[in-house]
Number of protein chains: 2
Amino acid sequence: MNHNITSPTLLLDKKKCLRNIEDMTDKAFLNKIALRPHFKTHQSKEIGNWFRDFGVKAITVSSLKMAEYFAEDGWNDITVAFPTNILEINTINKLAQKIQLNLLVEDIDTIIRLQDKLEYSVHLFIKIDVGTHRTGIQAYKKELLTSLTQQIDKSDKTVFKGFLAHAGHTYHAREKEQILEIHEESKSIMLELKEYFLPNYPNLILSVGDTPSCSVADNFEGLDEIRPGNFVFYDVMQNFITSCSTKQIAVALACPVVAKHEDRFEIVLYGGAVHLSKDHLYFDKGAKFFGNIVFLEENSWSDPIDGMYLASLSQEHGIIKASQEYFDKVNVGDVIGILPVHSCLTVNELKKLVTLDGEIIECMKS
Amino acid sequence: MNHNITSPTLLLDKKKCLRNIEDMTDKAFLNKIALRPHFKTHQSKEIGNWFRDFGVKAITVSSLKMAEYFAEDGWNDITVAFPTNILEINTINKLAQKIQLNLLVEDIDTIIRLQDKLEYSVHLFIKIDVGTHRTGIQAYKKELLTSLTQQIDKSDKTVFKGFLAHAGHTYHAREKEQILEIHEESKSIMLELKEYFLPNYPNLILSVGDTPSCSVADNFEGLDEIRPGNFVFYDVMQNFITSCSTKQIAVALACPVVAKHEDRFEIVLYGGAVHLSKDHLYFDKGAKFFGNIVFLEENSWSDPIDGMYLASLSQEHGIIKASQEYFDKVNVGDVIGILPVHSCLTVNELKKLVTLDGEIIECMKS
């Protein structure tokens, strides 16, 4: 299948990808929770369509530009899971005219400025910080949260939709139990909030959903919606934190081998930071790695090779360190596969995927 | 000047950029050495044209695709400073028909395969490893080097052009003296090679040129060509390793402020890994940072602010840590500037620059 690959190419195993989508939609169905998948991972109208086949009707994105891209393709219920950027009010109004737009707020000024400039109504989630400390308000700040809901109520342009959290600190987990602990803690924070605000807002919903929690947890009682994104492809990071097996990773960067250095058992790839991004992980012994190595096969790729790892990246170069055994198996002119550490950023770099059948899947362009 | 900025926008101070180009062309002229600038930093036909105004006629790129992009714009002497990827032989032939194409080799098989498949002649540099240990052959391996030159001589499709090195280990320097030491060592390695091979190849040239060495060094005697690239914009990394002052940094990413967290003096930006890449540096005390913060001014931007730094990045978010003083000066809805750690990767993410006069400069698209 790699006969026509001459430069770094992001391969997609469509079967694995569809299986990942099916598993997550099944899980949401069985748990009676809405699935609003995050589309920032694939950024592709075509892959968006595959979700439609599994009954998905509402989505999450990470920018207004991405919301516009998917709205063009008929998605009409979109949450922008990013603090509302009031400077983009024109785009917000354009989208709000056309679709059900759900935005995130975490300060009163932004709500007031939205109410002043909105021409169409939007739903607002208040972002809750359940421990990641990136954005959001801590749940114990009831007075602040109440003042925000009250401000939202002052205009019919803004409708309070509920509370939204992203437990991104699951990415520091290294065992299932750690993920589950964070999930349970986040859930109890959110459920307590719901209990507190439900009397005044009987329709409020709780939206959560990082890929690690959604992959590992089995109890979502009381929550209303999950928003995982990365699971569509998974990656080495997710495998590292026990969210998935390596067999579930649905993308691999195919890279030509351009040089070998026997004195240090290094293999030089055409494939660098402009393809994989610089996200990396550390082995127990402290060495950095930027991806797992796989051999490309007729209709898929191998399991990760234990005797090789992607040790460094510059703009266009990747350097594999190999055992002598594997060093000898790889030749200049071969094409080798890299399972990326972070599939979202890799897709964002390539903006195009190629299925194992040679079908080209375009993503949103910058 | 930032009135129309609503989303992450890469600003270019054209005056600083032209001054950087002028300084380097002056330096090359005074040192009687050819300047073949690396265009991977800007990847823009328009900025390429600015170099023409300073007399530049030959360029360096990091991929065949980039060679095609600039060849379209009339550049007819291009070195691809990357190990030759034999799988792209069709592109090589297309380019070799049209322009003077200079390629890098470091193994005999690639030379043989080139000779077998080339339809037009190319010039070949042998890549020398002067200590970076990324690619290339160590200069003491005279037998291997001789066998490569002899193989090159076997076909009139391949012309031995000389030796090429990239002393990328200057990027680990933290003082001018360290850069100069690496430059002198690399130079002596290369000069010794020239002396050895000159009797058989009287026209061979030596090509070197990382931005740190070319910015700091003043002695290039015996060398024939330099290929710096990053100097066109410079960045925080170059400032960190003493290659430039912060006033020479010609690009800044303008980012909307979307949230503030007073309890931890953090400011949340719309501007993340998909804009800046994940390249980072470490303060003396060990904390990571992803860029310097500047205030945008009428026709430029301020010096870097000591009381703030870009502490973390996720896909679309950037988190600034600030002193209380600066925390209070920045408001949600403001636009703030980030001097990038690595301008090459930042330009590659944005693929578009906007000058302080509002002129849009397009770069090569993926």
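The rules behind the values
Residues numbered from 1 in each chain as written. Chains lettered and ligands numbered in written order. Predicted model: local features only at pLDDT ≥ 70, side-chain atom pairs only at ≥ 80, totals over all residues. Heavy atoms only, no water. Helix = DSSP H or I, 4+ residues; strand = E, 2+ residues; numbered from the N terminus. Contact = heavy atoms within 4.5 Å. Areas by Shrake-Rupley, 256 points an atom, 1.4 Å probe, with all protein chains shown as cover. Domains from an automatic or database assignment. Buried area = accessible area lost by both parts, 1.4 Å probe. Least-squares fit on C-alpha atoms with pLDDT ≥ 70 in both. Axes fitted to C-alpha atoms, helices over the stretch in contact; angles between N-to-C directions. Parallel < 35°, antiparallel > 145°, perpendicular 65-115°, else oblique. Left-handed = near helix turned anticlockwise from the far one by under 90°. Nonpolar A, V, L, I, M, F, W, Y, C, P; charged D, E, K, R; others polar. Salt bridge = Lys/Arg side-chain N within 4 Å of Asp/Glu carboxyl O. Buried < 20%, exposed > 50% of the residue type's maximum accessible area, 1.4 Å probe, protein only. Arc of directions from axis to C-beta. Polar contact = N/O pair within 3.5 Å; in protein donor to acceptor, adjacent residues only side chain to side chain. Phe/Tyr/Trp six-rings, centres within 6.5 Å; stacked < 30°, edge-to-face > 60°. Lys NZ or Arg CZ within 6 Å of the ring centre and 35° of its normal. Lys, Arg positive; Asp, Glu negative; His and termini not counted. Pairing = 2+ DSSP bridges. Right-handed = clockwise from strand over helix to strand, strands pointing away.

1. Side note on the overall build of chain A
Counting its secondary structure elements, chain A contains 12 helices and 20 strands. Across its three principal directions, the C-alpha atoms of chain A cover 70 × 40 × 35 Å. Counted over contacts in chain A with a minimum sequence separation of 6, partners at least 24 positions apart contribute 65%. Accessible surface computed for chain A: about 14,200 Å², of which carbon and sulfur atoms make up 47%.

2. Some details on the domain arrangement of chain A
Residue and element names in this part refer to chain A. What the domain assignment reports for chain A is domain 1 (15-233) and domain 2 (245-362). The centre of domain 1, based on its C-alpha atoms, is set 33 Å off from the matching centre of domain 2. Each side of the interface is counted separately: domain 1 has 16 residues, and domain 2 has 18 residues. Across the interface of domain 1 and domain 2, roughly 1,200 Å² is buried in total on both sides, 51% from carbon and sulfur atoms.

3. Digging into the relation of the copies chain A and chain B
Rotating chain A by 180° about the axis while translating it 0.0 Å along that axis superimposes it on chain B, leaving an RMSD of 0.0 Å. The operation mapping one copy onto its partner corresponds to a two-fold rotation axis. For chain A, the minimum C-alpha distance to the rotation axis belongs to A:Lys278 and amounts to 2.8 Å. A shared binding surface is used by both copies, with 100% of the interface residues of chain A retained as interface residues in chain B.

4. Description of the packing of helix H6 (residues 142-153) of chain B against helix H7 (residues 176-197) of chain B
Residue and element names in this part refer to chain B. Across the interface, H6 lies against H7 with an axial gap of 12 Å and an inter-helix angle of 55°. Accordingly, the angle class assigned to the pair H6 and H7 is oblique. Note that H6 runs across H7; the crossing there is right-handed. For the pair H6 and H7, the contacting residues are Lys142, Leu145, Thr146 and Thr149 in the first and Glu192, Leu193, Tyr196 and Phe197 in the second. Among the residues forming the contact of H6 with H7, the class breakdown is 4 nonpolar, 2 polar and 2 charged.

5. Looking at the pattern of salt bridges
In total, this model carries 35 salt bridges over all chains according to the counting rule given. In this structure, B:Arg19 engages B:Asp23 in a salt bridge whose closest nitrogen and oxygen atoms are separated by 3.5 Å. Taken as a pair, B:Arg19 and B:Asp23 lie in helix H1 (residues 14-30) at a separation of 4 residues, close to a single helical turn. Between B:Glu325 and B:Lys329 there is a salt bridge, with its nearest N and O atoms 3.4 Å apart. In this pair, B:Glu325 and B:Lys329 both sit in helix H11 (residues 324-329), 4 residues apart, roughly one turn of the helix. When its relative accessible area of 48% is taken as the criterion, B:Glu325 is described as partly exposed. The network of salt bridges with shared partners includes A:Asp263, A:Arg264, A:Glu266, A:Lys321, B:Asp129 and B:Lys141.

6. Points about helix H5 (residues 108-117) of chain A
Residue and element names in this part refer to chain A. Burial in H5 covers these residues: Thr110, Ile111, Leu114 and Gln115. One side of H5 holds all its buried residues, which, seen down the axis, span an arc of 135°. Packing partners of the buried residues in H5 comprise helix H4 (89-98), strand S5 (100-105), strand S6 (122-129), helix H6 (142-153) and strand S8 (158-165). For H5, the N-terminal cap is Asp107; the gap from its side-chain oxygen to the backbone nitrogen of Asp109 is 3.3 Å.

7. Comments concerning the packing of aromatic side chains
Per the stated rule, a full pass over the model turns up 30 aromatic pairs over all chains. A ring pair is formed by A:Phe160 and A:Tyr201, whose centres lie 4.9 Å apart and whose planes are at 75°; its orientation type is edge-to-face. Here A:Phe160, found in strand S8, pairs with A:Tyr201, found in the loop between helix H7 (176-197) and strand S9 (205-208); they are 41 residues apart in sequence, far enough to count as distant. There is no split in this pair, since A:Phe160 and A:Tyr201 are both buried. A ring pair is formed by B:Phe283 and B:Tyr309, whose centres lie 5.0 Å apart and whose planes are at 90°; its orientation type is edge-to-face. Of this pair, B:Phe283 sits in the loop between strand S13 (281-282) and strand S14 (288-289) while B:Tyr309 sits in strand S16 (residues 308-313), and the two are 26 residues apart along the sequence. For B:Phe283, a relative accessible area of 33% corresponds to the partly exposed category. Assessed through its relative accessible area of 21%, B:Tyr309 is described here as partly exposed. Every member of this aromatic cluster is reached through a ring pair, and the members are A:Phe39, A:Phe51, A:Tyr69, A:Phe70, A:Trp75 and A:Phe231. For A:Arg52, the ring lying beneath its charged end belongs to A:Trp75, and the centroid distance is 4.1 Å.

8. Overview of the side chain of B:Lys16
On the secondary structure map, B:Lys16 appears in helix H1. With no salt bridge to any partner, buried B:Lys16 finds its closest opposite charge in B:Asp13, at an N-O distance of 4.1 Å.

9. Section: the packing of helix H3 (residues 64-71) of chain B against helix H4 (residues 89-98) of chain B
All names here are of chain B. Direction vectors running N to C along H3 and H4 enclose 30°, while the axes themselves pass 10 Å from each other. Considered as vectors, H3 and H4 are oriented roughly parallel to each other. As H3 packs across H4, the resulting crossing turns out to be left-handed. Every residue of H4 that contacts H3 at Leu64, Ala67, Glu68 and Ala71 is listed here: Thr91, Ile92, Lys94, Leu95 and Lys98. Along the lines of polarity and charge, the residues of the contact of H3 with H4 split into 5 nonpolar, 1 polar and 3 charged.

10. What about the side chain of A:Thr355?
Residue and element names in this part refer to chain A. By secondary structure assignment, the location of Thr355 is in strand S19 (residues 352-355). The class of Thr355 is buried, set by a relative accessible area of 3%. Thr355 has contacts with Leu12 and Ile361, leaving out every residue within four places of it along the chain.

11. Overview of the pairing of S9(A)
Residue and element names in this part refer to chain A. Burial of the side chains of S9 extends over both faces: Ile205 and Ser207 are buried on one face and Leu206 and Val208 on the other. Examined bridge by bridge, S8 and S9 share 3 bridges and lie parallel to one another. The residue bridging Gly162 from the neighbouring strand is Ile205, located in S9. Of the crossover connections in this fold, the one passing from S8 over H7 to the parallel S9 is right-handed.

12. So, H3(B)
All names here are of chain B. The element H3 is extensively covered by neighbouring structure, given that 6 of its 8 residues are classed as buried. The set of residues buried in H3 consists of Leu64, Met66, Ala67, Tyr69, Phe70 and Ala71. Lining the buried residues of H3 we find helix H2 (45-52), strand S3 (59-61), strand S4 (77-83), H4, strand S5 (100-105) and strand S20 (360-362).

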